[in-house]
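Reading the structure
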Amino acid sequence: FERVSQYIKDIPTTISDLFSFLLDDWSEEYGKMFVEDVTGLICVSKDGLLENEINDLLAFKEERDRGNDEYLYDSSFSRIYDSLASFLAAGGGGYFEVFP
């Protein structure tokens, strides 16, 4: 209970600080590189990305960058989706993009 109370007290009061707070929180839960890659892919896409496109791009990077049969990510987009959903707009045809 005390941890929850402290967590609530630590929540920032400005939007930019809140988003930074959430990114840090997600980075602890899902891995910093994974969060940076997923959010970066969605942010730089012109018209959003489908879930399978996000997973394909993550798989491509993992295949390209991993060494000694190690995995870069411990997560998949479906695991982080619930955390990001409030900030995403589902465009036509199932494309995910940052809420305009």
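In case you missed it, the structure is sitting above this.
This report concerns the structure included in the present document. (Residues numbered from 1 in each chain as written. Predicted model: local features only at pLDDT ≥ 70, side-chain atom pairs only at ≥ 80, totals over all residues. Heavy atoms only, no water.)

Moving on: the layout of surface pockets. Volume-wise, the largest pocket comes out at about 180 Å³. Taken together, 11 residues form the lining of the largest pocket, with Phe 19, Thr 39, Cys 43, Phe 87 and Val 98 sitting closest to its centre. Looking at the lining of the largest pocket, the elements that each hand over two or more residues are helix 2 (15-30) and helix 3 (32-44). Broken down by class, the residue content of the lining of the largest pocket amounts to 10 nonpolar, 1 polar and no charged. (1 Å grid on protein atoms, 1.4 Å probe; cavity = no way out; pocket = protein on both sides within 12 Å on 5 of 7 lines; lining within 4 Å. Points joined across faces, edges and corners; volume = space filled by probe spheres on them. Helix = DSSP H or I, 4+ residues; strand = E, 2+ residues; numbered from the N terminus. Nonpolar A, V, L, I, M, F, W, Y, C, P; charged D, E, K, R; others polar.)

For the rest of this paragraph, the subject is the packing of aromatic side chains. Enumeration according to the criterion identifies 5 aromatic pairs in this entry. With 5.4 Å between their ring centres and 50 degrees between their planes, Tyr 7 and Phe 21 make a pair best called tilted. With Tyr 7 in helix 1 (residues 2-10) and Phe 21 in helix 2, this residue pair connects regions lying 14 residues apart in the sequence. Taking 5.9 Å as the distance between ring centres and 70 degrees as the angle between the ring planes, the aromatic pair formed by Trp 26 and Phe 87 counts as edge-to-face. Within this pair, whereas Trp 26 is found in helix 2, its partner Phe 87 is found in the loop between helix 5 (77-84) and strand 1 (88-90), the two being separated by 61 residues in sequence. (Phe/Tyr/Trp six-rings, centres within 6.5 Å; stacked < 30°, edge-to-face > 60°.)

Such coordinate-based values are descriptive only and should not be taken to indicate function.
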